[in-house]
Amino acid sequence: MTRDSLQPLSEVEWIAPQRVTQLRRLGIETVDDLLTHYPRRHEDRREFASFPREESDQPICLCGEVVKTQLRRFGGWKKIFEVTLEEQNANALSPPLVCRWFNLHYVQKMIATGKRLVVFGKPRLRGKRICMDHPEFEVIENDEEISIHFRRITPIYPATEGLSQRVLRSLVYRLLEQWNDENFGPLLPEQFNAGSSATALREIHFPKTVETLAAAREHLILAEFFAMQMLISSRRAQSAARNGKAHCGCGKLLEKFLRLLPFDLTAAQERVIAEIWSDLAAIAPMNRLLQGDVGSGKTVVAIAAMLLAVEAGFQAALMAPTQILAEQHYLVIRRWLEPLGVKIVLRTAARQEESFLPVLAGNEDADIFIGTHALLYESVSFFNLGLAVIDEQHKFGVAQRARLTAHDPTPDVLVMTATPIPRTLTMTVYGDLDVSTIDELPRDRGEIITVARDESKLDDVLTFLRRELGAGRQAYIVYPLIDESEKLEVKAASAEFDKWRERLQPFTCELLHGRIPAPEKQAIMERFRRGSTSALISTTVIEVGVDVSNATVMLVENSERFGLAQLHQLRGRIGRGEHKSYCILLTSDLSPETAAKLAVLAKTSNGFEVAEADWDFRGPGDLLGTAQSGLPILKLGNLKTDAKLMRRARAAAMEIFRDDPLLERAENQRFGHLIVEQQGRTFSHVS
């Protein structure tokens, strides 16, 4: 788009102030916003199908004349407004279609006998009638509107109260008519040979054919992805241009550490450590993502990286999203590194004197800082930060990561995610990072058996649980809520705790959730680690980082309330020792969706397969987390179904920055404005 496309709609003289206010409710402020308010679908209104005689799970678009309307009451105050449609030029055997709306009073005011109606919905058999319940509809007023609204492939937009499809269509159509092709700057480099951006924009709204619509959609998705990848590539270029420094010792301290470990590294861990070693030894700042499945040994790799930096005379910092995870890291790293003389400091949001954990060093002489977001603030002063490790990166925003690394010289950065990431997301959310993957689990990991059970089987589950506890094992019992909710029919940890104490007597139970004061929370965790507590009734506060090898049962109540990735994380708390472990997913939801979701976990323990399935269930928009990732919202592209286009866009952007990192060539200078525009959309979204 050109600078004119950023013109506020309030300055377009033919758009009434009332319309500007209504458009603002859809987030539409400028000319560009309106022109990129893409249709959510199209209806082919050139020819309509005959009215169906059977029901269908596929929505269809039909057109007919209103021959009857009726308002029926039931249950006292409830109302059904029924509209009977007949096909134009239909024969006597053609069945009518009954459209029904429940308690939607405004529909009654819009539809009258004799009107022509276009409806979109799923036909259902109700008795002997074919019905559509709550179909989308549009009244076709007169033949003057045929060029925009009828007898064509017609756009259907996301709308809001007071803005009908006809109004939105008319606004977009007039705007496109008034703008010359010169107003639409090229959105793609010439190497794509993708045709005119102006043509693509016109065709996505008012396509001439199905084929031109498909071509326009591909062009604009490619442009959207290309703009995103130019922003990502510019971040990579800026990072590489920062004042960096090598932060790598000779490896003797790392060798001592590895000799102390009671296990051998996997081949994948050794490969990833070598990749990080190479980055730390380089002058250019490292920006690397470390991903791996639950229990693959990412923490050992992070410690190896920190030891290389410490040996070179630099400080290292490890930031975790929760206090429990930070203190878990502290306990593990302290136990392993104290014999090597490495000085460690713990910093969390809780006041240090309230923690039961000792502090081994002050800020001045610490080698490694471990903490939560408290590490971002002034109470922690790094005097020689060489490496920043960020655990559970998806729970931190780009701005938080930037604050931790805002030192000169720029420290190396290693971000870790416990949830494996679908490949296409590594090109977007983490596109400015190099990626290392631990694709192998340690050989000593115990087997985990996962089963889904109906809540009615709780007595059988209880018998099994008591048998495991009697054998000396421990268990987690996890709930989605701390307290019961009046709005949700969901069990809660606090309300169920006393029941579990009674069910599991004489075994010791304790309650853990996020509102328990930090010192008490840590004392509870310590008793569980020591084996003094047999069962921990908890919320998802134990989702990440808790490592108790004797815990062999993960029982999740209301498992339908959790996402696949979260359930996989919870399952990762067990299977950390030699004993066989069991993940039991209790649910009262018998829907096909829940059954399919839980079946994934029963079928596979591979986190990468779970991540792909999670993406299928939740959709890419949910996983993208644009506010956290610092990327603009995708208006048209779908990261999963359009992955090939994303790869083309990424390759083109990387080639441009490889050959012209400052965008100085004449043919590349226009892309500088594209990056600035994307950054503006990002910041306005985050704010």
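Residues numbered from 1 in each chain as written. Predicted model: local features only at pLDDT ≥ 70, side-chain atom pairs only at ≥ 80, totals over all residues. Heavy atoms only, no water.

1. A look at the sheet that holds strand β5 (residues 116-121)
With respect to topology, seven strands assemble into an open sheet ordered β6-β7-β4-β3-β2-β5-β8, the strand pairing being mixed. Looking at the sheet topology across the chains shown, the edges are occupied by β6 (124-126) and β8 (136-140). Strand after strand, the sheet turns through a mean of 45 degrees between neighbouring axes, direction not considered. With six bridges connecting them, strand β2 (residues 60-74) and β5 associate as antiparallel partners. In the sheet register, Ile-60 faces β5, and the bridge partner there is Gly-121. (Pairing = 2+ DSSP bridges. Helix = DSSP H or I, 4+ residues; strand = E, 2+ residues; numbered from the N terminus. Axes fitted to C-alpha atoms, helices over the stretch in contact; angles between N-to-C directions.)

2. Digging into the pattern of salt bridges
Tallying each qualifying case throughout the model produces 29 salt bridges. Across the salt bridge formed by Arg-41 and Glu-43, the nearest N and O atoms sit 2.8 Å from each other. In this structure, Glu-218 engages Arg-648 in a salt bridge whose closest nitrogen and oxygen atoms are separated by 3.7 Å. Placement of Glu-218 in helix α7 (residues 210-241) and of Arg-648 in helix α22 (residues 643-659) is noted, with a sequence separation of 430 residues between them. (Salt bridge = Lys/Arg side-chain N within 4 Å of Asp/Glu carboxyl O.)

3. Some thoughts on the packing of aromatic side chains
By the definition in use, this model includes nine aromatic pairs. Ring geometry for Trp-101 against Phe-137: centres 5.4 Å apart, planes inclined by 70 degrees, an arrangement best described as edge-to-face. Of this pair, Trp-101 sits in strand β4 (residues 97-102) while Phe-137 sits in strand β8, placing them 36 residues apart in sequence. Since its relative accessible area comes to 2%, Trp-101 is described here as buried. Ring geometry for Tyr-476 and Phe-528: centres 5.1 Å apart, planes at 50 degrees, overall tilted. Placement of the pair is Tyr-476 in strand β18 (residues 474-478) and Phe-528 in helix α16 (residues 518-530), with a sequence separation of 52 residues. The pair Tyr-476 / Phe-528 is uniform in exposure class, with both members buried. Aromatic rings pair up to connect Phe-81, Trp-101 and Phe-137 into one cluster. The ring of Phe-120 is capped by Arg-41, whose NZ or CZ atom sits 3.4 Å from the centre of that ring. The ring of Trp-500 has Arg-503 lying over it, and the distance from NZ or CZ to the ring centre is 4.6 Å. (Phe/Tyr/Trp six-rings, centres within 6.5 Å; stacked < 30°, edge-to-face > 60°. Buried < 20%, exposed > 50% of the residue type's maximum accessible area, 1.4 Å probe, protein only. Lys NZ or Arg CZ within 6 Å of the ring centre and 35° of its normal.)

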